[in-house]
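An overview of the molecular structure
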Amino acid sequence: MVSFSSFFPFLPLMILTISCTQNPNLLANGDTSLIQKTCQTTKYYDLCISSLQSDSTGPQADTKGLAIILAKLALANATSTNSFLSSNVFVKNPNDTVMKKVLKQCEDRYSAARMSLQNSIQDLESELYDYAYMHVMAASDYANSCRNAFKRNPNLVYPPEIDHREKSLKQFCEVVMEIIDSIEY
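Nothing here was measured: the structure is a model prediction, and the numbers come from that model.

1. Remarks on the overall build of the protein
Counting its regular elements, the protein contains 8 helices and 0 strands. Going from N to C terminus, the protein has its helices and strands arranged as α-α-α-α-α-α-α-α. Here the protein holds 185 residues, and 39% of them are scored as buried. In the protein, the proportion of contacts linking residues at least 24 apart, taken out of those at least 6 apart, comes to 66%.

The following block contains the structure:
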């Protein structure tokens, strides 16, 4: 049998856990209504909400801050995809120069997407919203150009792993552009 004294040290933690599951906003100091209001204006509401609510700074952020959070998530996606492509995981035959060439083009495009997203974050921080928008749009287009590189080579199949990453990046970019459009300046 478990004694009360061995259970007591865990009692405050259990109460906190129960309280937080009953009221998830208990730990958030900020107002999540701006997140909801902002995400309602976007095409990918669920992506927007889940991304912003999972970031600890989301509830305290203004609209510009919400755009920056999502731009950083898009940047993480582009960086991860760039690294994934550089691993040459899709090269089954070391002599397949066509596949290597196309993957190198994709790697270069995702590197450019990364740079565009880094620029967009700087532009957002400087409140240069038109430039931020332009850089986010470019990042999305760079991801699309990888797909086009595969289309130009009919013997190659666009890998589902890249397709999924491309769609994710484009969705993040779309949400960031929609938020930038909603900023009043």
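Now, onward.
2. Here's the deal with the state of the cysteines
All told, the structure shown has 2 disulfides when counted by the stated rule. Here C39 engages in a disulfide with C48; their sulfurs sit 2.0 Å apart. Across the S-S bond linking C39 and C48, the dihedral sits near -70°, which makes this disulfide left-handed. Residue classification places C39 among the buried positions, given a relative accessible area of 0%.

3. Describing the packing of helix α5 (residues 63–86) against helix α8 (residues 160–182)
It is at 9 Å that the axes of α5 and α8 come closest, and there the two elements cross at 160°. Here α5 lies roughly antiparallel to α8, going by the angle between them. Considering how the two elements wind past one another, α5 and α8 form a crossing that is left-handed. Residues T63, A67, L70, A71, L73, A74, N77, A78, S80, T81, F84 and L85 of α5 lie in contact with α8, whose contacting residues are E161, I162, R165, S168, L169, F172, V175, V176, I179, I180 and S182. A class-by-class count of the residues in the contact of α5 with α8 yields 15 nonpolar, 6 polar and 2 charged.

4. Observations regarding the side chain of E166
Within the element layout of this structure, E166 appears in helix α8. Side chain to side chain, E166 and R147 meet in a polar contact 2.9 Å long. If sequence neighbours within four positions are ignored, E166 has contacts with Y110, A143, N144, R147 and Y158.

5. Details of a nonpolar patch on the surface
Taken together, the side chains of L128, Y131 and M134 present a nonpolar region at the surface, about 310 Å² in accessible area. Its location among the elements puts L128 in the loop between α6 (97–125) and α7 (129–151). Given a relative accessible area of 39%, L128 falls into the partly exposed group.

6. What to know about the packing of aromatic side chains
This structure, assessed with the given rule, holds 1 aromatic pair. Aromatic side chains F150 and Y158 sit 5.3 Å apart centroid to centroid with 70° between the ring planes, which places their arrangement in the edge-to-face category. Of the two residues, F150 and Y158, neither departs from the other in class, the shared state being buried. A cation sits over an aromatic face here: R165 above F84, 4.1 Å from the ring centre.

7. Re α6
Between its terminal C-alpha atoms α6 stretches 42 Å, which fits the 42 Å expected from 29 residues at 1.5 Å a residue. Once α6 ends, the next one or two residues include E127, with phi positive near 60°.

8. Notes on the side chain of E107
With respect to the element layout, E107 can be found in helix α6. Buried charged residue E107 carries no salt bridge. Nearest counter-charge: K104, at 4.4 Å. Among residues more than four places away in sequence, those in contact with E107 are N82, L85 and S86.

9. A look at the packing of helix α4 (residues 45–54) against α8
Contact geometry of α4 with α8 gives a least axis separation of 10 Å together with a crossing angle of 85°. The angle between α4 and α8 falls in the class roughly perpendicular. When α4 is examined against α8, the residues L47, C48 and S51 are found in contact with a partner set consisting of Q171, F172, V175 and I179.

Criteria and thresholds
Residues numbered from 1 in each chain as written. Predicted model: local features only at pLDDT ≥ 70, side-chain atom pairs only at ≥ 80, totals over all residues. Heavy atoms only, no water. Helix = DSSP H or I, 4+ residues; strand = E, 2+ residues; numbered from the N terminus. Buried < 20%, exposed > 50% of the residue type's maximum accessible area, 1.4 Å probe, protein only. Contact = heavy atoms within 4.5 Å. Disulfide = S-S within 2.5 Å. Axes fitted to C-alpha atoms, helices over the stretch in contact; angles between N-to-C directions. Parallel < 35°, antiparallel > 145°, perpendicular 65-115°, else oblique. Left-handed = near helix turned anticlockwise from the far one by under 90°. Nonpolar A, V, L, I, M, F, W, Y, C, P; charged D, E, K, R; others polar. Polar contact = N/O pair within 3.5 Å; in protein donor to acceptor, adjacent residues only side chain to side chain. Patch = residues over 30% accessible without salt bridge, like charges linked within 9 Å, V, L, I, M, F, W, Y side chains within 5 Å. Areas by Shrake-Rupley, 256 points an atom, 1.4 Å probe, with all protein chains shown as cover. Salt bridge = Lys/Arg side-chain N within 4 Å of Asp/Glu carboxyl O. Phe/Tyr/Trp six-rings, centres within 6.5 Å; stacked < 30°, edge-to-face > 60°. Lys NZ or Arg CZ within 6 Å of the ring centre and 35° of its normal. Expected span 1.5 Å × (residues − 1). Lys, Arg positive; Asp, Glu negative; His and termini not counted.

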